[in-house]
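Remarks on the overall topology
Spelled out from the first residue to the last, the chains are:
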Amino acid sequence: MLDSLRVRIATGYALLATVTIAVLAVTDSLAVAAIVAVALAALLTLAITRTIAASEREVTYQAQRSTATLETLVAATSQERDRLAAALNSSVDAVLAVDPDGRITFANAAAERLLERQHERLAGDSFALVMPNEQVLAALRASRQDGQRHAALIEQPGRRHLQVITTPIVSGGEWSVLVVVHDLTDVKRTEQVRRDFIANVSHELRTPLASLKSVIETLQEGALDDKAAAREFLARADAEVDRIVQIMEELLELSRIESGEVPLAAEPVQIGQVLARAVARLRHQAQRQGIELSLEAAPELPPIQGDAERLERVAVNLIHNALKFTPAGGAVRVQAACQDGSVVVKVSDTGAGIAAADLPRIFERFYKADRARSGAGTGLGLAIVKHTVEAHGGAVAVESEEGRGATFSFSLPARA
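Residues numbered from 1 in each chain as written. Predicted model: local features only at pLDDT ≥ 70, side-chain atom pairs only at ≥ 80, totals over all residues. Heavy atoms only, no water.

In terms of helices and strands, the chain carries eleven helices and twelve strands. Every one of the 416 residues in the chain was classed for burial, and the buried ones make up 35%. The long-range fraction of contacts in the chain, counting pairs at least 24 apart against all pairs at least 6 apart in sequence, stands at 58%. As displayed, the chain has an accessible area near 24,500 Å², and 55% of this comes from carbon and sulfur atoms. (Helix = DSSP H or I, 4+ residues; strand = E, 2+ residues; numbered from the N terminus. Buried < 20%, exposed > 50% of the residue type's maximum accessible area, 1.4 Å probe, protein only. Contact = heavy atoms within 4.5 Å. Areas by Shrake-Rupley, 256 points an atom, 1.4 Å probe, with all protein chains shown as cover.)

Here you go:
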């Protein structure tokens, strides 16, 4: 545009000089030629001024268009960046971007939670310091070198299992490698529970089946001819069959509760009366074992909505469990009170207690904490307690210190 303007000005001045020379040649009068030159110069100046003004307007217009386009591009880029950040922050997996120098240039909210660091502090930190694991660092280096995706499975303190995936970013600027961290702790724990469940079912069934096989072989070898011995062996076989039947019934009961197939009654229940019946059922056993069994229920407890019969089974299971692991001379105390809109029931004993490592798994099917608690019983009672209470909209809990007894509790929402 400027070159075109220069050409126009040069052409105008050349035309002015030509006309002036022509007038001077025709009139032979310097004054007339000067007048004509001045007039032409004025006209030329006006034309140039208009041209310059038009050019300035065009330049201003083009500049404004460029500015608007640039602002639009900047806004679009910022919006896309915000969308990307929002998408990454909504991910349940930790996502980190690492530059060619091995420093973190981006970390989403999940990375902050997983790595237990403040979000702002991660950016700029060395990745090797944030996750000092040789397998992960080797995967990071390999992704830089061969441009391929790599993965590493690691276990961190506290039995936390992580899968770390490193992916190179082509033409990513300061983003050289993208690191995604999956927390597999719950998956690993579920797998362990499944393996333990299969092993425990096999163990619980193998013992009575082996005993039955032994009884049958003994009877076949001649014990049938000895009526007294035959009766003894048949009684033993009958007890083992009862144990197998109990395991099957409790498994089916637990399965029905978990699947919601059990129709729970929905009627007002006075939990104090439920606990009184449960304590009465086990009073004789407590006396026989030399254990003090007491009930303390707060007056005027609000009713709850539920199934009285199944809640009584919950209380019986917890009290029976406490009696089983409390030595003679000890005590089992059942308490009920209202707390924050819920009715809370606690069953405390002065028995052997439970190790801290066992507490998170104490309500699992067939789980038995230690040798002190691995005697008679199927190991399904506490699992049934947990799922029955949860089916009523409540929650279970346990507090214990090894050698100082245990307190099992469950809470149920009070009826509005």
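That was the structure; now back to the text.
Our next topic: the confidence of the model for the chain. Regions with low pLDDT should not have their predicted coordinates read in detail. Mean pLDDT over the chain: 77, with 73% of residues reaching 70 or higher. Taking the mean pLDDT of every element in the chain, the minimum, 51, falls on helix α1 (residues 2–27) and the maximum, 93, on strand β10 (residues 342–349). (pLDDT = per-residue confidence, 0-100.)

For the rest of this paragraph, the subject is the pairing of strand β12 (residues 406–413). Where β10 meets β12, seven bridges bridge the pair, whose relative direction is antiparallel. Paired with Val344 across the strands is Ser411, a residue of β12. Pairing analysis gives six bridges linking strand β11 (residues 395–400) to β12, with the strands arranged antiparallel. Directly across from Val396, in β12, lies its bridge partner Phe410. Hairpin geometry of β11 and β12 is characterised by an intervening segment of five residues between the two adjacent antiparallel strands and by a positive phi of about 85° at Gly403. (Pairing = 2+ DSSP bridges.)

A separate point is unusual backbone geometry. Positive phi is not limited to glycine here, since Glu300 has a value of about 55°. With a relative accessible area of 81%, Glu300 lands in the exposed category. Despite not being glycine, Asp340 has its phi angle at roughly 50°, a positive value. Residue position: Asp340 is located in the loop between β9 (331–339) and β10. Taking the relative accessible area as the measure of exposure, Asp340 reaches 74% and is therefore exposed.

Turning our eyes to something else, we now look at the environment of Ile304. Here Ile304 is to be found in strand β8 (residues 304–306). Each C-alpha atom of the pair Ile304 and Leu412 lies 7.0 Å from the other, and the pair is 108 residues apart in sequence. Those residues in contact with Ile304, other than ones at most four positions away along the chain, are Glu267, Pro268, Val269, Ile271, Leu311, Val343, Leu412, Pro413, Ala414 and Arg415.

Before going further, it helps to examine the pattern of salt bridges. With the rule as written, the count across this model stands at nine salt bridges. Between Glu296 and Arg333 there is a salt bridge, with its nearest N and O atoms 3.9 Å apart. Taken together, the residues Glu296 in strand β7 (residues 292–297) and Arg333 in strand β9 connect sequence positions 37 residues apart. Residue Arg404 is joined to Glu401 by a salt bridge in which the shortest nitrogen-to-oxygen separation is 3.4 Å. Within the structure, one salt-bridge network assembled from shared partners comprises Arg277, Arg281 and Glu312. (Salt bridge = Lys/Arg side-chain N within 4 Å of Asp/Glu carboxyl O.)

What the rule picks out here adds up to two aromatic pairs. Note on Phe363 and Phe408: the rings are 6.0 Å apart at their centroids and 85° apart in plane angle, and the pair reads as edge-to-face. Placement of Phe363 in the loop between β10 and α11 (381–391) and of Phe408 in strand β12 is noted, with a sequence separation of 45 residues between them. We classify Phe408 as buried; its relative accessible area is 3%. (Phe/Tyr/Trp six-rings, centres within 6.5 Å; stacked < 30°, edge-to-face > 60°.)

The sheet built from five strands is open, its strands ordered β2-β1-β5-β4-β3 with antiparallel pairing. Of all strands in the sheet, those bounded by a partner on one side alone are β2 (104–107) and β3 (150–156). Put simply, the sheet's adjacent strands are angled 20° from each other on average, direction ignored. Sheet contacts for helix α6 (residues 134–146): β1 (94–98), β3, β4 (160–168) and β5 (177–183); angle to β3, the most-contacted strand, approximately 170°. (Axes fitted to C-alpha atoms, helices over the stretch in contact; angles between N-to-C directions.)

Our focus in this paragraph is the packing of helix α10 (residues 308–324) against α11. α11 packs onto α10 with a crossing angle of 145° between their chain directions and a minimal axis gap of 9 Å. For the crossing formed where α10 meets α11, the hand is left-handed. Note on element contacts: α11 touches α10 through Gly381, Leu382, Ile384, Val385, Thr388 and Val389, opposite Arg310, Val314, Asn317, Leu318 and Asn321. Among the residues forming the contact of α10 with α11, the class breakdown is six nonpolar, four polar and one charged. (Left-handed = near helix turned anticlockwise from the far one by under 90°. Nonpolar A, V, L, I, M, F, W, Y, C, P; charged D, E, K, R; others polar.)

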